Amino acid sequence: MPVSRPRPTSRRLRWIISLVSLVCASLIFAYVYPPLRYSNCYFFSSSICSPFKDWLPPISSCVLSDEEVASRVVFRDILSAPTVKVNIPKVAFMFLTPGSLPFEKLWEKFFEGHDGKYSIYVHASRETPVHVSPIFVGRDIRSAKVVWGKISMVDAEKRLLANALQDTHNQQFVLLSDSCIPLHSFDYVYRYLIHTNLSFIDCFEDPGPLGTGRYTTQMNPEVVENSFRKGSQWFSVKRKHALLILADYLYYTKFKLYCKPGMEGGNCYADEHYLPTLFYMIDPTGIANWSVTHVDWSEGKWHPKAYQAQDITYELMKNITAIDEHYHVTSDEKKVEQIKPCLWNGERRTCYLFARKFYPETLKPLLHLFPNYTNF
């Protein structure tokens, strides 16, 4: 009678235990030592290896994607290119409006006597504007529909920049709305903008729900959370930065796809986050971190204070023109206030050259007061 052989139960059990242990060890290793990702994460400066260390050190602990490498080469060449010298540099005033401009007569008074130092561009997104001032006639550009808070707002800004950049004499580019007014004389505004190397882009870190709370990890790896910034859309940029905005496709696409109003896009508004984030990542020392366009958020509402005719007094306008500190407050529970002086070429100066939001009915009292309320 043959003797039955015992089943190799213990051997099989050892194999199962070994296999499970190997899988667990692999998972732990992958967690502790994740594979390299294509990412715009932390960068380490290197005076030997970095060809553009003065603005953004490219030596990284992560591997950059082909698109990021290409973008950085373009950005580097734009920022390092010598400034084009022109006899009389001009300021491009770019109006983003749904239709007609209610303050054309005020702007006409502002521009009077300064031909050759300014250019005007009008992007009317809803209806063809009716111009009451001859200096605005023929200044409309091809326009498209703009939806508040969506990427179409950024598209309109890019469209204005593309038209204004065709004139090589334009060296500063100011974005204004239909409710904007000038706060100073043209000479003061011209000197303020032309004689500085900075662009005036509002940019600050808000860890609250109206700031970083709008960030989504879908922006990874090109846009990381600790680079996400917020600011007013109303900017004034120098020519190099205007070119950079037009040249960017990589980061723009991230905001186009993943920064949208409503729950589907994290209640994110591209016009408030795209440019502040882009310049914080690409050229943080090249921007002033405040906008030269004043707006009053003191009422704590979703929209800023809008001025009516009865609000317009000499004292109000003098108070706005005298402000020399820019103010931000975080949207988290701490409500941290950030108050910093406005430094122009290292000197403390008034912060604002323009202001909004003014109702059309304020035109008459503003015409009466301008330029008496200007400081310079």
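Thresholds applied
Residues numbered from 1 in each chain as written. Predicted model: local features only at pLDDT ≥ 70, side-chain atom pairs only at ≥ 80, totals over all residues. Heavy atoms only, no water. Pairing = 2+ DSSP bridges. Helix = DSSP H or I, 4+ residues; strand = E, 2+ residues; numbered from the N terminus. Core = buried A, V, L, I, M, F, W, Y, C linked by side-chain atoms within 4.5 Å. Buried < 20%, exposed > 50% of the residue type's maximum accessible area, 1.4 Å probe, protein only. Contact = heavy atoms within 4.5 Å. Salt bridge = Lys/Arg side-chain N within 4 Å of Asp/Glu carboxyl O.

A.B. asks: Account for the sheet that holds strand β8 (residues 293-294), naming residues and giving values.
C.D. replies: Note on sheets: strands pair through backbone hydrogen bonds, and any given pair is parallel or antiparallel. Strand order across the open sheet formed by three strands is β4-β13-β8, with mixed pairing between neighbours. Unpaired on one side and paired on the other, β4 (181-182) and β8 mark the two borders of the sheet. Of the strand pairs in this sheet, β8 and strand β13 (residues 354-355) are connected by two bridges, and their pairing is parallel. Residue pairing across strands places Thr-293 opposite Phe-354, the latter belonging to β13.

A.B. asks: Describe the nonpolar core, naming the residues involved and giving the relevant values.
C.D. replies: Of all hydrophobic cores here, the largest spans 47 residues; its most connected members are Phe-93 and Trp-107. Among the secondary structure elements, those contributing two or more residues to this core are β1 (90-97), α3 (104-111), β2 (118-124), β3 (170-177), α5 (186-194), α9 (314-322), β13 and α10 (363-369). If we skip the residues at most four places from it in the chain, Trp-107 touches Phe-93, Phe-95, Ile-135, Phe-136, Leu-176, Cys-180, Ile-181, Pro-182 and Phe-354. Residues Ile-78, Val-146, Ile-201 and Phe-255 belong to the second largest nonpolar core, which totals 45 residues.

A.B. asks: Lay out the pattern of salt bridges with the relevant residues and their values.
C.D. replies: What the rule picks out here adds up to 10 salt bridges. With a closest N to O distance of 2.6 Å, Asp-167 and Lys-90 form a salt bridge. Residue Asp-167 is located in the loop between α4 (151-164) and β3, and its partner Lys-90 is located in strand β1; the two are separated by 77 residues in the primary sequence. A relative accessible area of 14% places Lys-90 in the buried class. Taking the shortest distance from any N to any O, the salt bridge between Arg-214 and Glu-272 comes out at 2.8 Å. Of this pair, Arg-214 sits in the loop between β5 (199-202) and β6 (236-238) while Glu-272 sits in helix α8 (residues 270-282), and the two are 58 residues apart along the sequence. The network of salt bridges with common partners includes Asp-324, Glu-325 and Arg-348.

Purely geometric stuff here, so don't read any function into it on its own.
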